[in-house]
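Topology and contacts: notes
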Amino acid sequence: MKKDMLSISALSPEYIEDILELGKRIKKDRAQYADSLKGKSIGLIFQKPSNRTRVSFEIGMVQLGGYAIYLGPSEIGMGGRESVKDVAKVLSRYLDCLVARTYKHADVEDLAMHATVPVINGLSDYAHPCQALSDIFTIKEKFGTFKGITLSYIGDANNVLNSLMCACAKVGLNLKVATPKGYEPDKKAVDAAKKFAGSSGAGIEFSHDPKLCAKGADVVYTDVWVSMGQEKESARRLKDFKGFQINDDIIKAANKNCLIMHCLPAHRGDEITDSAIDSKNSVVYDQAENRMHIQKAILLKLLA
Ligand code: CP
Ligand code: NVA
């Protein structure tokens with residue numbers, strides 16, 4: 001049976017560790033994997049803009065000896081010009097794997113249900129699993145372990161947090177989350193994360209207090225306050241998230257030399273200051289680079 005990569009919750013801790021281990025080997029010795037996906041091709045069906053996800057999948061696939069075709073918002077019109085089902089059926093006849101970036105999470109699930117080839121979620125309104133796997137890979141790369149490490153996420157409870165929450169809980173990384181009142185994380189995602197944390201022994205805490213959240217953090221993580229598709233809510237969100245910015249004060253409240261993470265793109269001056277994102281402890285470009293190594297590992301696991 002074909003396998004998909006739609007959300008972290010569907011992956012076992014062992015499978016996650018396998019991907020991280022393979023990503024490490026790929027990063028260390030790129031040449032060894034140069035022909036691993038020779039003759040294979042992937043399609044990138046993107047309903048929203050992208051820098052990292054698009055480029056790292058396209059170039060990652062080329063580095064594995066395969067081919068990638070980008071199908072942007074104006075091209076195949078998935079769900080508009082043609083049903084998700086027909087797109088899935090037709091593209092499965094041409095391609096070996098589909099990477100989809102959709103507005104609705106239900107669309108990526110629909111695509112996976114009808115496709116006969118693996119489908120990878122390249123970000124939906126609910127989840128960003130490739131980002132979360134790359135992020136925990138970056139954390140393991142920096143600390144050598146998840147044990148005893150605490151990640152504090154301050155900001156919007158969005159797709160990035162949903163996946164990160166689940167990934168931390170699965171691998172035993174402690175997580176603290178602070179969001180403004182009225183922007184609490186999705187209940188289903190929280191319940192799942194709490195259940196996984198129960199098995200791994202990870203701590204998981206929620207509050208509305210950014211400083212309290214930063215206390216004891218080895219990693220401080222944030223993401224944009226206005227995600228793609230929420231542009232109409234911009235004015236309200238910018239007001240409601242004031243006080244949840246990653247800045248020198250928040251970093252002072254965290255552990256000495258805590259890492260600073262952001263999935264990018266960043267809105268400098270809103271959720272994070274220049275001094276934080278450009279500080280010596282910021283690893284945002286390592287995170288971006290690691291997207292490619294981890295996605296190559298995912299492609300190998302699904303296609304090789
Ligand atoms: N972090 C991330 O997914 O970036 P892009 O939106 O540029 O792909
Ligand atoms: N939460 C952001 C992540 C971008 C990579 C968004 O969905 O726009």
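Preceding this paragraph is the structure being described.
As the structure is a computational prediction, the values presented were derived from the model and not from experiment.

Right, let's talk about the site of ligand 2 for a bit. The full set of residues close to ligand 2 is Leu123, Asn158, Asn159, Val160, Asp223, Val224, Ser227, Met228 and Leu264. Asparagine 159 has a polar side-chain atom sitting 2.8 Å from an oxygen atom of ligand 2. Taking aspartate 223, its side chain carries an N or O atom lying 2.7 Å from a nitrogen atom of ligand 2. Coverage of ligand 2 by the protein chains reaches 95% of its 270 Å² of free accessible surface. Judged by the proximity of its atoms to the pocket grid, ligand 2 belongs to the largest pocket. Split by residue class, the shell around ligand 2 holds 5 nonpolar, 3 polar and 1 charged.

Here we have 5 strands laid out as an open sheet, ordered β7-β6-β5-β8-β9, and parallel in their pairing. Looking along the sheet, the strands with just one partner apiece sit at the ends: β7 (204-207) and β9 (259-262). Mean inter-strand twist for the sheet, computed between neighbouring axes without regard to direction, equals 20°.

So, on to the site of ligand 1. Around ligand 1 lies a shell formed by Ser50, Asn51, Arg52, Thr53, Arg101, His128, Gln131, Cys263, Leu264 and Arg291. Between asparagine 51 and ligand 1, the recorded distance is 2.6 Å, taken from a backbone N or O atom to an oxygen atom. Between cysteine 263 and ligand 1, the recorded distance is 3.0 Å, taken from a backbone N or O atom to a nitrogen atom. Isolated, ligand 1 exposes 260 Å² of accessible area, and the fraction of that covered by the protein chains is 96%.

Quick look at the environment of glutamate 75 now. Tracing the backbone shows glutamate 75 in the loop between β2 (67-71) and α3 (84-94). Judged by relative accessible area, which is 43%, glutamate 75 ranks as partly exposed. At a separation of 2.6 Å, a polar atom in the side chain of glutamate 75 contacts the main-chain amide nitrogen of glycine 72.

Calculation rules
Residues numbered from 1 in each chain as written. Chains lettered and ligands numbered in written order. Predicted model: local features only at pLDDT ≥ 70, side-chain atom pairs only at ≥ 80, totals over all residues. Heavy atoms only, no water. Near = heavy atom within 4 Å. Polar contact = N/O pair within 3.5 Å; in protein donor to acceptor, adjacent residues only side chain to side chain. Areas by Shrake-Rupley, 256 points an atom, 1.4 Å probe, with all protein chains shown as cover. 1 Å grid on protein atoms, 1.4 Å probe; cavity = no way out; pocket = protein on both sides within 12 Å on 5 of 7 lines; lining within 4 Å. Sits in = over half its atoms within 2 Å of the grid points. Nonpolar A, V, L, I, M, F, W, Y, C, P; charged D, E, K, R; others polar. Pairing = 2+ DSSP bridges. Helix = DSSP H or I, 4+ residues; strand = E, 2+ residues; numbered from the N terminus. Axes fitted to C-alpha atoms, helices over the stretch in contact; angles between N-to-C directions. Buried < 20%, exposed > 50% of the residue type's maximum accessible area, 1.4 Å probe, protein only.

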